[in-house]
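Commentary on secondary and tertiary structure
Residues per chain are reported as follows:
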Amino acid sequence: MSTTTRRLTTAQALVRFLSAQYSERDGVRHRLIAGTWGIFGHGNVAGIGQALLEAGEDTMPFHQGRNEQSMVHAAVGYARQLNRLSAQAVTTSIGPGATNLVTGAALATINRLPVLLLPGDYFATRSADPLLQQLEHPVEADVSVNDTLRPVSRYFDRITRPEMLIPAALNAMRVLADPADTGAVTLALPQDVQAEAYDWPEEFFAERVWHVRRPVADPYELAEAVRAIRTAERPLIVAGGGVHHSEAEAALKALVDATGIPVASTQAGKGSLRHDHPADLGGIGHTGTAVSDDIARTADLIIGVGTRYTDFTTASNTLFQQPGVRFVNLNITAFDAHKLAARPLVADARTGLEALAEGLTGHRIDAAYEAEYRAGKARWEKVVEAAYRAEDSAVPTQTQVLGALDAVVGDDDVVINAAGSLPGDLHKLWRARGPRQYHLEYGYSCMGYEIPAGIGVQQAAPGTPVWSLVGDGTYLMMPTEIVTAVQEGLPVNLVLIQNHGYASIGGLSEEVGGERFGTAYRYRAADGTFSGAPLPVDLAANAASLGMDVIRAKTVRELRDALAAARASDRPTCVYVETDPTPTAPAAEAWWDVPVAEVASRDAASRARERYDGHVADRRRHL
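Along each chain, numbering runs from 1 in the same order as the chain's sequence is written. Owing to the predicted nature of the model, reporting of local features is limited to residues with pLDDT of at least 70; listing and counting of side-chain atom pairs is limited to 80 or more, with chain, interface and lining totals taken over all residues. For the side-chain quantities, the full set of heavy atoms in the structure was used; hydrogens and water were omitted.

1. Here's the deal with the nonpolar core
A general tendency of soluble globular proteins is for nonpolar side chains to be buried together. Residue types Ala, Val, Leu, Ile, Met, Phe, Trp, Tyr and Cys, when buried and joined through side-chain atoms within 4.5 Å, form a set referred to as a nonpolar core. Burial status follows relative accessibility: with a 1.4 Å probe on protein chains alone, a residue under 20% of its type maximum counts as buried, one over 50% as exposed, and anything between as partly exposed. Of all hydrophobic cores here, the largest spans 81 residues; its most connected members are Leu 236 and Trp 467. Put simply, DSSP marks the helices as runs of H or I at least four residues long and the strands as runs of E at least two long, and each gets a number from the N terminus on. When residues of this core are assigned to their parent elements, the largest contribution, six residues, is made by helix H15 (residues 367–388). In what follows, residue pairs with any heavy atoms lying within 4.5 Å of each other are defined as contacts. Sequence-distant contacts of Trp 467, defined by excluding residues within four places in its chain, comprise Leu 405, Val 408, Val 409, Asp 413, Val 414, Val 415, Ile 416, Asn 493, Val 495, Leu 563, Ala 566 and Arg 567. Grouped together as the second largest cluster of nonpolar side chains are 36 residues, Leu 32, Ile 48, Ala 172 and Val 175 included.

Following this line, the structure appears as structure tokens:
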């Protein structure tokens, strides 16, 4: 082994190391860490900041953010668009810059999406304690605010000596490139160690290619899964995000074309089949379609592919009601494959679906079952048409906004959303035309995700029309990365829907007896409640002040024209529309468990509890 060394600071060595890391799957290589987002303070400016400057843009592209949480969101959007094969790093100072990473890290880990976090930390030598922004713990001197990142990271290390970086950096790459174990990875970097020099072995900077594996199914598990599917009378596939991450859409279609088994999708899995495929039943669960949920209630076998089975998918364990229903779960992680007492099939989604298709050669579901779900799909399409239909001169409802957008987008456009009432409307109604068109972050459902994620998607897929859909509540949480989109010349399209409050939580509050308390954006009335006139905010003017082109639309016709103009523009553009609050979305087709006060003095809560107790009776434990 060569003993040649290179003297660099720890930060310089880390940047050089990251620039030489690649992922590879199916013979295609990507830079594993394609760029670094950063906001600089005293905890990283002279370390990572100086190292990035010295390395230059060709070695490690740098992206300037405005909020640490939103930088993580942008990196997550980037990684998801590229099927987790390429990621970005995020560097911050110590203190509030570091703790602002926690929400983004939780989002990344919950959604199984890779991002590398590089927060500054206190002095390892303790030579200047307490530092500005340092947390002093009276009995645990080695604790810093960065320890808040431990439970939301898939891998965490604090580099208190330069030589510690070598194993830590290698472990970080291992986790980022592992499809069964990926998520947020945190390397906490004490600011004195960042600037400390060390003689690094040249081998540390050698190009490394991290193979992203496609594990195949165990023969026994595969045989059991095939046997279960062949003997099922009413099987249903639940497609989750793992289908997209594995690029298994074609394999899923081949299996479905051969067997006729219908497919319902989670928020992360929507688009696994095109919306117009005869077997695509749309979303499933609390925000699912009527046909998906009706079939799910009577299915005798649920075949989960790359899904975590969240409470929205299972309707809080009230959806799968057939007395003898059983589960087969194809998942790259054993943890998810065993959920709901399933027969596990631990494998990559693509290789697993291909193996199932081979094992099911010659098998097809009963023609009557196929005719049943196709008729249900046709009925639901009429519901979608009714929700989208609008007069040109009308003030649009929220679902009519989606209908106008549906008429404008192309197959390769990307529609991004995360929170509020839009996820439910989109899951029920959106007609996904491609595997990457429907980009819903609903693992953490984080308000503020949409705009920075749009930037990340644009970076990952230049030239792709990107639509970030936000309500006024989400917009007010985190509009700041508009400035970054303008600075970078990224033509993200923002569809900003003004409905004067938290519409989704307002509706939920009413359902559970909360009487929409604290959910409207209005002046206080004489009784002290927020029930006065709407606040005189002008969010369109705010977006314009941050550098966006803004088009205001008051009618359906104006909205269609505005959306078409935004799609044709090469600048970040906001389409602003104030919607008619009249409900036009289909009602929920399945329950969601939000516990209601067992004892209350107000009638609304008492009535809500009666409804709640009725639903609870349908809850099952699948054993």
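Having seen the model, we can carry on.
2. Describing the pattern of salt bridges
One side-chain nitrogen of Lys or Arg within 4 Å of one carboxyl oxygen of Asp or Glu is enough to make a salt bridge. Going through the model one piece at a time under the given rule, you end up with 38 salt bridges. Of the charged contacts, one joins Arg 25 and Glu 247 as a salt bridge, the two residues approaching to 2.7 Å between their closest N and O atoms. Residue Arg 25 is located in strand E2 (residues 21–25), and its partner Glu 247 is located in the loop between helix H9 (241–245) and helix H10 (249–259); the two are separated by 222 residues in the primary sequence. Under the relative-accessibility criterion, Arg 25 is labelled buried at 6%. When the shortest N-O distance is used, the salt bridge between Asp 26 and Arg 350 registers 3.3 Å. Here Asp 26 is found in the loop between E2 and strand E3 (28–31), whereas its partner Arg 350 is found in helix H14 (residues 349–359), with 324 residues between them in sequence. The partly exposed category is assigned to Asp 26, whose relative accessible area is 44%. Connected through shared salt-bridge partners, Glu 381, Glu 385, Asp 406, Arg 431 and Arg 433 make up one network.

3. Observations regarding helix H6 (residues 165–176)
The span expected for a helix works out to 1.5 Å for each residue beyond the first. The end-to-end C-alpha separation of H6 is 16 Å, in line with the 16 Å expected for twelve residues at 1.5 Å each. Within the sequence span of H6, burial applies to Leu 165, Ala 168, Ala 169, Ala 172, Met 173, Val 175 and Leu 176. Seen end-on, H6 carries its buried residues on one side only, within an arc spanning 165°. Taking the helix axis as origin, the arc is that swept by the directions to the C-beta atoms.

4. Considering the sheet that holds strand E23 (residues 573–578)
The pairing criterion is simple: DSSP has to find at least two bridges between the two strands. Here six strands make up an open sheet; going across it, the order is E19-E18-E20-E21-E23-E22 and the pairing parallel. Only two strands of the sheet have a single partner each, and these edge strands are strand E19 (438–440) and strand E22 (549–553). Adjacent strand axes in the sheet meet at a mean angle of 20°, parallel and antiparallel pairs treated alike. By the bridge criterion, five bridges tie E22 to E23 in an arrangement that is parallel. Within the sheet, the bridge partner assigned to Arg 552 lies in E23 and is Tyr 576. Axis definition: a line fitted to C-alpha atoms, limited for helices to the stretch in contact. Angles are taken between N-to-C directions and run from 0 to 180 degrees.

5. Notes on the environment of Val 409
Position of Val 409 among the secondary structure elements: in the loop between helix H16 (398–406) and strand E18 (414–417). Distance from Val 409 to Arg 433, taken between C-alpha atoms, is 9.6 Å for residues 24 residues apart in sequence.

6. A word on unusual backbone geometry
Residue Asp 129 is joined to Pro 130 through a cis peptide bond whose omega torsion reads -10°. Located in the positive-phi region is Asn 317, a residue other than glycine, with phi close to 65°. Considering the arrangement of structural elements, one finds Asn 317 in the loop between helix H12 (311–314) and strand E16 (326–331).

7. A word on the sheet that holds strand E12 (residues 235–239)
In space, the six strands of this open sheet follow the order E14-E13-E12-E15-E16-E17, with parallel pairing throughout. Pairing within the sheet leaves two strands with one partner each, and these edge strands are strand E14 (280–283) and strand E17 (343–346). Taking each pair of neighbouring strands and ignoring which way they run, the sheet shows an average axis angle of 20°. Inspection of the sheet shows E16 paired to E17 by four bridges, in the parallel sense. Residue pairing in the sheet places Leu 330 in a bridge with Leu 345 of E17.

8. Examining the packing of aromatic side chains
Only the six-membered ring of Trp is used, alongside the rings of Phe and Tyr, when aromatic pairs are assigned; centres must lie within 6.5 Å, and planes under 30 degrees apart are stacked while those over 60 apart are edge-to-face, with the rest tilted. Enumeration over the complete set of coordinates arrives at twelve aromatic pairs. Ring geometry for Trp 200 versus Phe 204: centroids 5.7 Å apart, planes at 20°, classification stacked. The residues Trp 200 and Phe 204 share a single accessibility class, namely buried. Linked through ring pairs, Phe 17, Tyr 198, Trp 200, Phe 204 and Phe 205 together constitute an aromatic cluster. Definition used: whenever NZ (Lys) or CZ (Arg) falls within 6 Å of the ring centre and also within 35 degrees of the ring normal, the charge is taken to sit over that ring. Over the face of the ring belonging to Tyr 22 we find Arg 29, whose NZ or CZ atom lies 4.3 Å from the ring centre. The ring of Tyr 438 carries the charged tip of Lys 270 above its face, separated from the ring centre by 5.6 Å.

9. What about the packing of helix H1 (residues 10–19) against helix H2 (residues 45–55)?
The contact between H1 and H2 brings their axes to 8 Å, and the two run at 50°. What the angle tells us is that H1 and H2 run oblique. In this structure, the crossing between H1 and H2 has a hand that is right-handed. When H1 is examined against H2, the residues Ala 11, Gln 12, Leu 14, Val 15 and Arg 16 are found in contact with a partner set consisting of Gly 47, Ile 48, Gln 50, Ala 51, Leu 52, Glu 54 and Ala 55. Each residue is assigned to one class: nonpolar for Ala, Val, Leu, Ile, Met, Phe, Trp, Tyr, Cys and Pro, charged for Asp, Glu, Lys and Arg, and polar for all the others, Gly among them. Counted by class, the contact of H1 with H2 contains seven nonpolar, three polar and two charged residues. Orientation labels follow simple angle bins: below 35 degrees gives roughly parallel, above 145 gives roughly antiparallel, 65 to 115 gives roughly perpendicular, and whatever is left gives oblique. Less than a right angle of anticlockwise turn of the near helix away from the far helix marks a crossing as left-handed, whereas a clockwise turn marks it as right-handed.

Interpretation in functional terms is not warranted from these geometric data alone.
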